[in-house]
Amino acid sequence: MADGAELAADKHVRYIVTVEKKKDSFESLVMEHIRLNGAYWGLTTLDLLHKLHAVDAAEVVDWIMSCYHPESGGFGGNVGHDPHVLYTLSAVQVLCLFDRLDVLDVDKVADYVAGLQNEDGSFSGDIWGEVDTRIDMQKAVDFVVSCKNLDGGFGAMPGGESHAGQIFCCVGALAIAGSLHHIDRDLLGWWLCERQCKDGGLNGRPEKLADVCYSWWVLSSLIMIDRVHWIDKEKLTKFILNCQDKENGGISDRPDNAVDIYHTYFGVAGLSLMEYPGVKPMDPAYALPLDVVNRIFLRK
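Here's a quick rundown of the structure. (Residues numbered from 1 in each chain as written. Predicted model: local features only at pLDDT ≥ 70, side-chain atom pairs only at ≥ 80, totals over all residues. Heavy atoms only, no water.)

### What to know about the overall build of the protein chain
1) Next: Per the secondary structure count, the protein chain includes 13 helices and six strands.
2) Next: The C-alpha atoms of the protein chain give 19 Å as radius of gyration, which agrees with the globular expectation for 300 residues (19 Å, within 12%).
3) Next: By its C-alpha atoms, the protein chain is 55 × 45 × 35 Å across when sized along the principal axes.
4) Next: In the protein chain, which comprises 300 residues, the share counted as buried stands at 52%.
5) Next: Contacts in the protein chain between residues at least 24 apart in sequence constitute 61% of all its contacts with a sequence separation of at least 6.
6) Next: Put simply, the protein chain shows about 14500 Å² of open surface, and 55% of that area lies on carbon and sulfur atoms. (Helix = DSSP H or I, 4+ residues; strand = E, 2+ residues; numbered from the N terminus. Rg over C-alpha atoms; globule rule 2.2 N^0.38 Å. Buried < 20%, exposed > 50% of the residue type's maximum accessible area, 1.4 Å probe, protein only. Contact = heavy atoms within 4.5 Å. Areas by Shrake-Rupley, 256 points an atom, 1.4 Å probe, with all protein chains shown as cover.)

As structure tokens, then:
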């Protein structure tokens, strides 16, 4: 693909809307249990491209609420599936996109999430234990800090290997909790900027191939610690654009591979973080378009 590649926004919009309608395709089959996550990836991409109106908002909201478990306050990944904190997050994020948090019993959902906190401050994904409906923010921060490594990064648990996806979760949690002072910004910034490969793309840890999804995980973390200028944005932009299917839409993990909704979202989100023309700006901590986040906080 030529260096002068541009974002095929209209093709990506068509691809996302088409995937959503193909309920019997292979992609739909493998996404069955995480359909709510898929809805978040696809719909957020549409919003970033100024095309959220391409879907029927009322239909989407009705489907999301059909995944809700009123007895627990959580959401399943699809209709009839058990509730889990990850699908609950996606449900809340999509409702934010459509400005429809009014359909939620906010306290019930908050109690569900708070009830998943463990004694050490971490959170379980679903309920298989005692329930306490108060979040201990300090314990949560202490747990995140206990996952910090000597290289400045974070693992999934204390002593776990540093990984860009986990780093985003930890840096984002500390940012939301107002606790970024626990991070050595230069050390972590150096580890993250070393994720840029010769082809311009970013990997998740040393010695791995570049993958479009790390455009989001790495860049968002760098923005939150004010070190995003350490990345060669031009080379990364070219890498993402070279992963597009310019005929049928969609973005793949690396050039010439099959596209999917996950990488389409993370590719467009990465371009958003680099202020690519025509793509809405995104909040690096909440993983939603900035105007959506501002709309929520300005009402408080």
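Picking up after the structure, the text goes on.
### Overview of the packing of aromatic side chains
Any aromatic ring pair is given by two values, namely how distant the centres are and how the planes are angled relative to each other.
1) Next: Under the definition given, this model contains nine aromatic pairs.
2) Next: Measuring from ring centre to ring centre gives 5.0 Å for Trp 41 and Tyr 262, while their planes differ by 80°; the resulting arrangement is edge-to-face. Taken together, the residues Trp 41 in helix H3 (residues 35-48) and Tyr 262 in helix H12 (residues 261-273) connect sequence positions 221 residues apart.
3) Next: Classification of Trp 41 by relative accessible area gives buried; the value is 11%.
4) Next: On the basis of relative accessibility, which here comes to 25%, the residue Tyr 262 falls in the partly exposed class.
5) Next: Ring centres of Phe 168 and Trp 217 lie 5.4 Å apart, and the angle between their planes is 55°; on these two criteria the pair is classed as tilted. Placement of the pair is Phe 168 in helix H8 (residues 164-176) and Trp 217 in helix H10 (residues 214-224), with a sequence separation of 49 residues. In terms of burial, Phe 168 and Trp 217 fall into one category: buried. (Phe/Tyr/Trp six-rings, centres within 6.5 Å; stacked < 30°, edge-to-face > 60°.)

### Thoughts on the packing of helix H5 (residues 85-97) against helix H6 (residues 106-114)
1) Next: For the pair H5 and H6, interaxial distance at closest approach is 11 Å and the crossing angle is 150°. The angle between H5 and H6 falls in the class roughly antiparallel. The handedness of the crossing between H5 and H6 is left-handed. Contacts from Val 85, Thr 88 and Val 92 of H5 reach H6 at Val 109, Tyr 112 and Val 113.
2) Next: Its residues placed into classes, the contact of H5 with H6 shows five nonpolar, one polar and no charged. (Axes fitted to C-alpha atoms, helices over the stretch in contact; angles between N-to-C directions. Parallel < 35°, antiparallel > 145°, perpendicular 65-115°, else oblique. Left-handed = near helix turned anticlockwise from the far one by under 90°. Nonpolar A, V, L, I, M, F, W, Y, C, P; charged D, E, K, R; others polar.)

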